[in-house]
Amino acid sequence: MFTGIHDDVRPQLETLSLDRERPLVITDADEVLFNFMAGLEEFLGTRELFFDWSSFALTGNIRRISNKQPIEQQEVGALLTDFFDQRCAHLAAVDGAAEGLATLSEHAQVVVLSNVPPKYAAKRLEGLKGNGMDFPLIANVGSKGEVVRYLTHDLNAPAYFIDDIPHNHSSVNRHAAHVHRLHYIADDRLSKLLGPAEHCHTRLYGWPDICAHIIRHIETGEY
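Residues numbered from 1 in each chain as written. Predicted model: local features only at pLDDT ≥ 70, side-chain atom pairs only at ≥ 80, totals over all residues. Heavy atoms only, no water.

Peer 1: Is there a simple way to think about the overall build of the protein in this case?
Peer 2: Broken down by element type, the protein carries nine helices and eight strands. Its C-alpha radius of gyration of 17 Å places the protein within 12% of the 17 Å reference for a compact globule of 223 residues. Projected onto the principal axes, the alpha-carbon positions of the protein cover approximately 55 × 35 × 35 Å. In the protein, which comprises 223 residues, the proportion classed as buried is 49%. In the protein, once contacts between residues fewer than 6 apart in sequence are set aside, the share between residues at least 24 apart is 67%. Accessible area for the protein stands at about 10100 Å²; split by element, carbon and sulfur atoms hold 48% of it. On the protein, the mean spot of the 20 positive side-chain charges and the mean spot of the 31 negative ones are 4 Å from each other. (Helix = DSSP H or I, 4+ residues; strand = E, 2+ residues; numbered from the N terminus. Rg over C-alpha atoms; globule rule 2.2 N^0.38 Å. Buried < 20%, exposed > 50% of the residue type's maximum accessible area, 1.4 Å probe, protein only. Contact = heavy atoms within 4.5 Å. Areas by Shrake-Rupley, 256 points an atom, 1.4 Å probe, with all protein chains shown as cover. Lys, Arg positive; Asp, Glu negative; His and termini not counted. Charge placed at Lys NZ, Arg CZ, Asp CG, Glu CD.)

Right, dumping it as structure tokens:
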């Protein structure tokens, strides 16, 4: 029934206990709960690299300080592996994220669905707990739509999906269209490079707005 879920993700889902009568908030982590780009920029500087902000993509925008040339895709992958290994547990939280999730948790269940490599899940949990966001984590691999469908397929309450990446909204739209999709990018510089995701319902610009939007719908059925 849920054939598109990675083998490393399925056991995490099977051990997660949800209340099927309570609303569910499914939130991404990087650029939603954590200041990923600010942390990455600092890390790049230690490798004599910089991000040039030409587009939303990492590949092609990570360049060498010495000659301004972009590093290759293979190097980007290795760099991100080192970044998650060394910095994942220590990224700064987005302003208002912890307070926002605390407020939402009074009205709904909260699950963090992050595409952090599963081998770094413990580090991501450390970062969440250290910033006052002690909620269940699913360390996902690949697109998120099938996982969101798994989490919500027999839910008898509204569900909400918060993510910065447009193709994740498209994936959720394809596999779990009943879930309300909120597009949010914490870093202002990154946010300015990208308009609202094609398949989101709403683009929002801060945690107070996210909380108000979700709570309003839970309480009134209106957005």
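Peer 1: I'm lost on the nonpolar core in this one. Help?
Peer 2: Where a protein is soluble and globular, its nonpolar side chains tend to be buried together. L33, M133, I162 and W207 are the most contacted members of the largest nonpolar core, which has 51 residues in total. The contact partners of I162, leaving out residues within four places of it in the chain, are V25, I26, T27, D28, V32, L182, Y184, W207, I210 and I214. (Core = buried A, V, L, I, M, F, W, Y, C linked by side-chain atoms within 4.5 Å.)

Peer 1: Please clarify how the packing of aromatic side chains should be interpreted in this entry.
Peer 2: What characterises a pair of aromatic rings is the spacing of the ring centres plus the angle enclosed by the ring planes. This structure, assessed with the given rule, holds six aromatic pairs. With a centroid separation of 5.4 Å and an interplanar angle of 85 degrees, the aromatic rings of F36 and F83 are classed as edge-to-face. Residue F36 is found in helix α2 (residues 36-46), and its partner F83 is found in helix α3 (residues 73-87); the two are separated by 47 residues along the sequence. Here the two residues F36 and F83 agree in accessibility, since each one is buried. Among the aromatic side chains, those forming a connected cluster through ring pairs are F36, F43, F83 and F84. (Phe/Tyr/Trp six-rings, centres within 6.5 Å; stacked < 30°, edge-to-face > 60°.)

Peer 1: When you look at unusual backbone geometry in this model, what are you seeing that I'm missing?
Peer 2: Of all residues except glycine, most have a negative phi; of all peptide bonds, most are trans. Even without a glycine there, the phi angle at E31 is positive, about 65 degrees. Judged by relative accessible area, which is 1%, E31 ranks as buried. The phi torsion at K68 lies on the positive side, around 65 degrees, for a residue other than glycine. In this fold, K68 is placed in the loop between β3 (62-64) and α3. Of the residues examined, K68 reaches a relative accessible area of 47% and is grouped as partly exposed.

Peer 1: Would you mind going over the packing of helix α6 (residues 145-152) against helix α7 (residues 166-175) with me for this structure?
Peer 2: Two quantities define a packed helix pair, namely the angle between the helix axes and the distance between the axes. Axis separation between α6 and α7 bottoms out at 7 Å; the angle between their running directions is 50 degrees. It follows that α6 is oblique to α7 by the angle criterion. For the pair α6 and α7, the crossing hand works out as right-handed. Between α6 and α7, the residues in contact are G145, E146, V148 and R149 and S171, V172 and H175, respectively. Its residues assigned to classes, the contact of α6 with α7 comprises two nonpolar, three polar and two charged. (Axes fitted to C-alpha atoms, helices over the stretch in contact; angles between N-to-C directions. Parallel < 35°, antiparallel > 145°, perpendicular 65-115°, else oblique. Left-handed = near helix turned anticlockwise from the far one by under 90°. Nonpolar A, V, L, I, M, F, W, Y, C, P; charged D, E, K, R; others polar.)

Peer 1: Looking at this model, I keep getting lost on the state of the cysteines. Mind explaining?
Peer 2: The term disulfide refers to a covalent linkage connecting the sulfur atoms of a pair of cysteines. Counted according to the given criterion, the structure contains zero disulfides. The closest cysteine sulfur to the non-disulfide-bonded C200 is located on C211, 18 Å from its own sulfur. (Disulfide = S-S within 2.5 Å.)

Peer 1: Help me understand the pattern of salt bridges, please; the structure alone is not making it clear to me.
Peer 2: Where charged atoms from two side chains of opposite charge come close, those side chains can pair. Taken as a whole and assessed by the stated rule, the structure comprises 11 salt bridges. Put simply, D28, K144 and D163 are held in one network by salt bridges that share partners. (Salt bridge = Lys/Arg side-chain N within 4 Å of Asp/Glu carboxyl O.)

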